[in-house]
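Listed below, chain by chain, are the residues.
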Amino acid sequence: AQYEADASKFQARMPYHMVIPQENWHVDWIKALFKAYGLSAQVSTPAVTPTKSLREAFEVCIDLEADLFAPYEWLIRNAEDPTSAQVLTTILQQTRMHHRMFQHHLQMLGGG
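Keep in mind it's a predicted model, so treat the numbers as computed, not measured.

Engineer: I'm lost on the overall build of the protein in this one. Help?
Structural biologist: On a plain count of helices and strands, the protein comes out with four helices and zero strands. In the protein, the order of α-helices and β-strands from amino to carboxyl end is α-α-α-α. Dimensions of the protein, computed from the C-alpha atoms along their principal axes, are close to 45 × 25 × 20 Å. Here the protein holds 112 residues, and the buried ones make up 32% of them. For the protein, the accessible surface area stands at approximately 7200 Å², while carbon and sulfur atoms represent 58% of it. Each charge class in the protein was averaged separately, 9 positive and 12 negative side chains, and the resulting centres sit 4 Å apart.

Below is the structure:
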């Protein structure tokens, strides 16, 4: 929701154009894992952080992505099967890529 709000607000195509579909895949994959383990995948979407500039939006996105590293690393270490670990590893790799993409775009704005 944060990425869609900021992309629309600032008419920014990149890196949102690449990140948003992958984030949707992550949600779908995690829901599938929950379902496979017989768990409920019902969670609330965090509130969108209001941003005043594209620079600030990228900073928020960088933090959102970085906050996911440790939880995914823990889940991978504690996965009960190789398929779950592989799915989570893919998500973590893409999360790290998103983090770098937002950092790169922030640097191109003259920040970070």
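Engineer: Explanation requested: the packing of aromatic side chains in the structure shown.
Structural biologist: Centre-to-centre distance and the angle between the planes together describe a pair of aromatic rings. For the coordinates displayed, the defined rule picks out six aromatic pairs. Note on Tyr3 and Tyr16: the rings are 6.2 Å apart at their centroids and 55° apart in plane angle, and the pair reads as tilted. With a gap of 13 residues between them, Tyr3 in helix α1 (residues 2–9) and Tyr16 in helix α2 (residues 16–36) connect regions that are remote in the sequence. Plain terms: the ring middles of Phe58 and Phe102 are 6.0 Å apart, the flat faces sit at 50° to each other, and that makes the pair tilted. With Phe58 in helix α3 (residues 54–77) and Phe102 in helix α4 (residues 82–108), the pair connects residues that are 44 residues apart, well separated along the chain.

Engineer: Looking at this structure, how should I read the nonpolar core?
Structural biologist: If you look at the biggest cluster of nonpolar residues, it comprises 13 residues, and the most contacted ones within it are Tyr3, Tyr16, Val19, Phe58, Cys61 and Phe102. Among the elements that take part in this core, α3 stands out by supplying four residues, more than any other. Not counting residues up to four positions away in its chain, the partners in contact with Cys61 are Tyr3, Asp6, Tyr16 and Phe102. If you look at the next biggest cluster of nonpolar residues, it comprises six residues, including Phe69, Tyr72, Leu88 and Ile91.

Engineer: Explain the packing of α1 against α2 here, please?
Structural biologist: Think of two packed helices as two axes; the pair is described by the angle between the axes and how far apart they sit. The geometry of α1 relative to α2 is characterised by a closest axis approach of 10 Å and an angle of 155° between their N-to-C directions. Between α1 and α2, the angle is such that the two are roughly antiparallel. In this structure, the crossing between α1 and α2 has a hand that is left-handed. Residues Tyr3, Glu4, Asp6 and Ala7 of α1 form the contact with α2, whose participating residues are Tyr16, Val19, Ile20 and Glu23. Here the contact of α1 with α2 is built from residues that sort into five nonpolar, no polar and three charged.

Engineer: Help me out: how do you make sense of the side chain of Glu65 in this one?
Structural biologist: With respect to the helices, strands and loops of the structure, Glu65 is situated in helix α3. One buried charged residue, Glu65, remains without a salt bridge, the closest side chain of opposite sign being Arg96 at 9.8 Å. Discounting residues that sit within four places of it in the chain, Glu65 has contacts with Tyr3, Val19, Glu23, Thr95, His98, His99 and Phe102.

Conventions used here
Residues numbered from 1 in each chain as written. Predicted model: local features only at pLDDT ≥ 70, side-chain atom pairs only at ≥ 80, totals over all residues. Heavy atoms only, no water. Helix = DSSP H or I, 4+ residues; strand = E, 2+ residues; numbered from the N terminus. Buried < 20%, exposed > 50% of the residue type's maximum accessible area, 1.4 Å probe, protein only. Areas by Shrake-Rupley, 256 points an atom, 1.4 Å probe, with all protein chains shown as cover. Lys, Arg positive; Asp, Glu negative; His and termini not counted. Charge placed at Lys NZ, Arg CZ, Asp CG, Glu CD. Phe/Tyr/Trp six-rings, centres within 6.5 Å; stacked < 30°, edge-to-face > 60°. Core = buried A, V, L, I, M, F, W, Y, C linked by side-chain atoms within 4.5 Å. Contact = heavy atoms within 4.5 Å. Axes fitted to C-alpha atoms, helices over the stretch in contact; angles between N-to-C directions. Parallel < 35°, antiparallel > 145°, perpendicular 65-115°, else oblique. Left-handed = near helix turned anticlockwise from the far one by under 90°. Nonpolar A, V, L, I, M, F, W, Y, C, P; charged D, E, K, R; others polar. Salt bridge = Lys/Arg side-chain N within 4 Å of Asp/Glu carboxyl O.

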